[in-house]
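# Secondary and tertiary structure notes
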Amino acid sequence: MQKDILLEVNNLKKYFEVGRGKLLKAVDDVTFHIYRGETFGLVGESGCGKSTTGRVMMRLYQPTDGEVLYNGKNVHNMNAQEKFAHNRKMQMIFQDPYASLNPRSTVREIIGEPMEVHALYPRKQEQLMRIYELLEIVGLNHDHANRYPHEFSGGQRQRIGIARALSLKPEFIIADEPISALDVSVQAQVVNLLKRLQKEQRLTYLFIAHDLSMVKHISDRIGVMYLGNIVELTESHLLYKKPLHPYTQALLSAIPIPDPEIEEKRERIILKGEMPSPISPPSGCAFRTRCAEAMDICAFQKPIWREVEKNHFVACHLYNG
Ligand code: SF4
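The text that follows walks through the structure, step by step, so that each part is easy to find. What you see is a predicted model, and the numbers here were worked out from it, not measured in a lab.

This next bit is on the sheet that holds strand 9 (residues 221-226). Strand order in the open sheet made by the eight strands is 6-7-8-3-9-10-12-11, with mixed pairing throughout. Strands at the two margins of the open sheet, each flanked by one partner only, are strand 6 (90-93) and strand 11 (305-309). Strand after strand, the sheet turns through a mean of 20° between neighbouring axes, direction not considered. Strand direction decides the pairing type here: strand 11 and strand 12 (residues 312-315), joined by four bridges, are antiparallel. Bridge assignment links E307 to a residue of strand 12, and that residue is F313. Contacts between helix 6 (residues 154-166) and the sheet are confined to strand 6 and strand 7 (172-176), with strand 6 contributing the most and set at about 175° to the helix.

On to the environment of T248, then. Tracing the chain through its elements places T248 in helix 10 (residues 246-253). A relative accessible area of 0% places T248 in the buried class. C-alpha of T248 to C-alpha of M225: the two residues are 23 residues apart in sequence and 9.1 Å apart in space. The contact partners of T248, leaving out residues within four places of it in the chain, are L212, V224, E232, L239 and P243. A polar atom in the side chain of T248 sits 2.7 Å from the side chain of E232.

At their nearest, the axes of helix 6 and helix 7 (residues 184-201) sit 10 Å apart, and the two run at 20° to each other. The orientation of helix 6 relative to helix 7 falls into the category roughly parallel. As helix 6 runs across helix 7, the sense of the crossing is right-handed. Two secondary-structure elements touch here, helix 6 through G155, Q158, R159, I162 and L166 and helix 7 through V186, Q189, V190, L193, L194, L197 and Q201.

As a further point, take the pairing of strand 12. Along any regular strand the residues' side chains alternate between the sheet's two faces. Pairing between strand 10 (residues 229-235) and strand 12: two bridges, direction antiparallel. In the strand pairing of strand 12, L233 is matched with F313. In textbook terms, the turn of a hairpin is the stretch between consecutive antiparallel strands, and for strand 11 and strand 12 this stretch comprises two residues, one of which, N311, has a positive phi near 60°.

What follows is about helix 10. For helix 10, a buried count of seven out of eight residues is recorded, marking the element as mostly surrounded by other parts of the structure. Among the structural elements, strand 3 (39-43), helix 8 (212-218), strand 9, strand 10 and helix 9 (236-241) are those in contact with the buried residues of helix 10.

Glancing now at the packing of helix 4 (residues 107-117) against helix 6. Between helix 4 and helix 6, the shortest axis-to-axis distance is 8 Å and the interhelical angle comes to 25°. If you check the angle between helix 4 and helix 6, you find them roughly parallel. When you trace helix 4 past helix 6, the crossing you get is right-handed. Residues V107, I110, I111 and P114 of helix 4 pack against I160, A163 and R164 of helix 6. Tallied by class, residues from the contact of helix 4 with helix 6 come to six nonpolar, no polar and one charged.

Turning to the pattern of salt bridges, a few remarks are in order. Where charged atoms from two side chains of opposite charge approach closely, those side chains can pair. The tally for this structure, following the rule as stated, stands at 11 salt bridges. Note that K242 and E309 form a salt bridge whose closest N and O atoms lie 2.6 Å from each other. In this pair, K242 sits in the loop between helix 9 and helix 10 while E309 sits in strand 11, placing the two residues 67 residues apart along the sequence. Overall, K242 belongs to the partly exposed group, its relative accessible area being 42%.

As a structural note, the neighbourhood of the ligand is formed by 13 residues, with C285, C291, C298, C316 and H317 the closest of them. Its residues placed into classes, the shell around the ligand shows nine nonpolar, two polar and two charged.

What counts, and at which threshold
- Residues numbered from 1 in each chain as written.
- Predicted model: local features only at pLDDT ≥ 70, side-chain atom pairs only at ≥ 80, totals over all residues.
- Heavy atoms only, no water.
- Pairing = 2+ DSSP bridges.
- Helix = DSSP H or I, 4+ residues; strand = E, 2+ residues; numbered from the N terminus.
- Axes fitted to C-alpha atoms, helices over the stretch in contact; angles between N-to-C directions.
- Contact = heavy atoms within 4.5 Å.
- Buried < 20%, exposed > 50% of the residue type's maximum accessible area, 1.4 Å probe, protein only.
- Polar contact = N/O pair within 3.5 Å; in protein donor to acceptor, adjacent residues only side chain to side chain.
- Parallel < 35°, antiparallel > 145°, perpendicular 65-115°, else oblique.
- Left-handed = near helix turned anticlockwise from the far one by under 90°.
- Nonpolar A, V, L, I, M, F, W, Y, C, P; charged D, E, K, R; others polar.
- Salt bridge = Lys/Arg side-chain N within 4 Å of Asp/Glu carboxyl O.
- Near = heavy atom within 4 Å.

Laid out in structure tokens, this is it:
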């Protein structure tokens, strides 16, 4: 069956001026699409451009070049009325639930605010009922509605952030590192909640994360980003079974295996050094300064993005035919 594309990111670039005529190329020609109803994971180390990509998609930044199409419509090219209607469809969950919740507002006000902006419920009582319903949906209860964010644990605050994101009945949610600020014991609970909500509310997700461990539990397809580019993209199970790009292989080898015998025997790929600055990225393949497989060609020729196996795309000279 033909899958329905909800969102397309085409040749997206986002550069920031950093003084003295220099440009920080946070996102440098990124292309991917997201099918309706799927979870697309975007993974990479801090500073690789994944959050900037999400923020451009969310219209928090204007792109330097390229386009983001939602249902075929360019999200950066809408009139005020279209923007207002579009805002309901696309919501964001942030990494730090504490920073993203107004400390002076009660939970009821936090979740109710977007509803008021969009005049969803003319009657106060109706709005309150919906707030209670949302609290229950995310695993909280009515009593929590009149409390303030500081009265909650990190996991509960993220649940409030999720309830707020759901308040406008969106179709698409960008979850920007939604579990990285949480205790490991709570991370799985939040991921399971997001998975349940996806089924119940037929949501589509972009799930941004800095490591591959939790992403595999939620993503249908995954794009691996390095220094402003996607270097590998495929279905989640294929990425874990047969990672092709040396960077993906290194990220995967960093995930601990919960079996001490296997864990002791297996060889780790340790990434050399830090990610270079996106202000002066290496020539050729941007990963070459840390790649154990680097060849001469990698220094002067940027690898071509190719479909190496069915639905498995990679940019690396090791797979140039
Ligand atoms: Fe490594 Fe070369 Fe492949 Fe880049 S293109 S990942 S440097 S082998």
